[in-house]
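Examination of the molecular architecture
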Amino acid sequence: MKRIYGILAAAMTVPAMFSCSPDYSEFTPETSAEPITSITASLDLDGDGIDEEFTGQPDKNGRIEIVFPWFYPEESDTQVTEEDLSSVKVVGVLANNVTVEPVLLRMDLNTENHIVATDQVKNKKEYVVTGRIAKLTGCDITSFSLPDADLEGIIAGETISLVTMENFESPMKAELTLSPHATVSPDPRETAIDWNSEVKLTVTAHDGVTKKEYTVVKDIPSKLPSGIRPESVTELFARKLETDLGIAATSNTTGIAVSGNYLVINTRNEKAKVINRMTGEYVGEMNGMSSILGSLKNYYMTSDDDGNILVNSLATGAGTVQMWKFSGKGDILNAQPEEYITWSAPVGYGRKVSITGSLDGDAVITATVGTGLPSGNFAKWTVTSGVLQSQEPEIITAGVTWDNYQADIMYTSTEPGADYFLINYKANILSWLSGVNDALKTQVPAIQSSANYFANELDIFKFNNATFLAAQQTNNMNSGIGDAVWLLDITNESDFSGSLYDGTQGSPTCPAVQWWCQNEYNAIAVGRDEGATVKSNGNAVGEVLLTSSEDGYYLQLYIMYCNGYVAGVQFDCLDI
């Protein structure tokens, strides 16, 4: 509008135009910005066909130095060379109406490249662009553990706490992860150290100059009054079922269990695979399962609070449901099955079985009905002082129905009248029900954008004066967003509101949600990571399981997606 007004004024005073030159200075934009904000170099250093970007900004003298790491990827031994820098694509971030000569296309960043930037008022500024290959400066310890003591170190700043009240009987070696190409002195990976007293570890970066000193102490830090530190989340491991663990059967991996130091993975008609539950390293197979193998025989697996494992058969209609117990005491690799439950079910049962408590003490076992029709029934067995009260379950009618046998139910405790939770398809809703009258108390929706998404798995665990619930939704297609896992603190019923997935923003609006992930460990993620065709999770099978460390400082969440990954995620409750 200002420019138009000026032209109209000039037209109304024509004679004045011949008496003096017009002043257009008010129409020229002023600039105080640096003509060149940055220059980015793009080149493919790891040979994957995708360019990596490295950026430099001008200093006060107009020098733009683009720094490249000595190794790329930094954790590799592949060095960046002068030849890599001899012809590099470059692009600049320029202020408005700025031109550069010569034009920014390619540069030999081993030399000094002189360029001139001209701004909108024709002011010129010279820059010198060059590159430098720099040694790495990272000097961090990012993980620390004592395998012989089965102990993880807590890293807070430059202090590593070993949370234990026991004295170590002898010096031990440690396992740790350093910044790429850094060194540590003394190196506890090579030299056994007495960790009963304070130990100093000096980490030196690849450049030989940058250093950081860590102090390792035996410490009992205080706990939070309740719950976890959500920001403490750490991925313990992620293993692909097929390529890492050798589970080749498609769509037949159904359940997981925890027993002692092990995580056990059940695949129908195969011996269960056993891995270390802290590292994901393969240990072996459950050899004692040989006598109960079958496509519908070792259909599903779960565990209790003391590491006892239940394996159950599936009745697709009226028929026998069997459950076998493997004791959590002793060697789980060679444990033998004990016939635990045999029940003539009037309709199909056995797709999901959950245990609250311990089969060696008090427990509640639940199994959802699965007939392919809407239903609200589930079977409930009670264990008191280690004794199963009846082979015949109590049939409970819940205040919620579900479709197509896809549901899971679990009680919050073994106390009479304890509430229970239900997650179910097709509504894809997580419900809180009264254990007194089985009426619906409240519920929150999960991801409901497709009938091919199945909310059908949960687990409940008490940790640090709070009650946690893990819920999972699965996707039976080879694309989409339906695979998700949520960790909720359900201690306060008032926090159980909102939604597990906001259709607009995606993130949960439920205040109880402490952490969640989406499409991280599923079959789609395997296809994405390997660049391979996705083996879709045709039976929409997944599993979540919660447990804790013996010292009560760590909460572990285990996640399994059929044809995808099995993964471990850990939280702590440290008041730090």
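This text goes with the structure placed above it.
Right, let's walk through the structure included here.

Quick notes on the rules
- Residues numbered from 1 in each chain as written.
- Predicted model: local features only at pLDDT ≥ 70, side-chain atom pairs only at ≥ 80, totals over all residues.
- Heavy atoms only, no water.
- Buried < 20%, exposed > 50% of the residue type's maximum accessible area, 1.4 Å probe, protein only.
- Helix = DSSP H or I, 4+ residues; strand = E, 2+ residues; numbered from the N terminus.
- Contact = heavy atoms within 4.5 Å.
- Core = buried A, V, L, I, M, F, W, Y, C linked by side-chain atoms within 4.5 Å.
- Disulfide = S-S within 2.5 Å.
- Pairing = 2+ DSSP bridges.
- Axes fitted to C-alpha atoms, helices over the stretch in contact; angles between N-to-C directions.

Right, let's talk about helix H3 (residues 523-530) for a bit. Along H3, the positions that sit buried rather than exposed are Ala523, Ile524, Ala525, Val526 and Gly527. Contacts from the buried residues of H3 go to strand S16 (229-240), strand S35 (466-475) and strand S40 (565-572). At the exit of H3 stands Gly531, carrying a positive phi of roughly 65 degrees.

Our next topic: the nonpolar core. Ranked by size, the top nonpolar core spans 35 residues in total, and within it Ile365 and Trp381 carry the most contacts. Looking at this core, the elements with two or more residues in it are strand S23 (319-326), strand S24 (338-345), strand S25 (349-357), strand S26 (363-369), strand S27 (375-384), strand S29 (394-402), strand S30 (407-411) and strand S31 (420-424). Counting residues per element, this core draws most heavily on S26, which supplies five residues. The contact partners of Trp381, leaving out residues within four places of it in the chain, are Met323, Ile341, Trp343, Ala363, Val364, Ile365, Ala367, Leu388, Ser390, Gln391, Glu392 and Pro393.

In this section: the state of the cysteines. In protein structure, a disulfide is the covalent linkage between the sulfur atoms of two cysteines. The final tally for this structure, using the stated rule, is zero disulfides. The structure places no disulfide on Cys562, whose sulfur is separated from the nearest cysteine sulfur, that of Cys517, by 17 Å. A relative accessible area of 0% means that Cys562 is categorised as buried.

It is worth spelling out the sheet that holds strand S1 (residues 36-43) at this point. Strands sit in the order S2-S1-S4-S6 across an open sheet of four strands; the sheet is antiparallel. This sheet does not close on itself; its edge strands, each paired only once, are strand S2 (52-56) and strand S6 (106-107). By the bridge criterion, five bridges tie S1 to S2 in an arrangement that is antiparallel. Within the sheet, the bridge partner assigned to Ala41 lies in S2 and is Phe54.

Attention now moves to the sheet that holds strand S33 (residues 440-445). The strand order S30-S31-S32-S33 describes an open sheet built from four strands, whose pairing is antiparallel. On the outer flanks of this sheet lie S30 and S33, each paired with one strand and no other. On average, each strand axis in the sheet is inclined to that of its neighbour by 15 degrees, with strand direction left out of account. Bridge count between strand S32 (residues 429-433) and S33: five bridges; the pairing is antiparallel.

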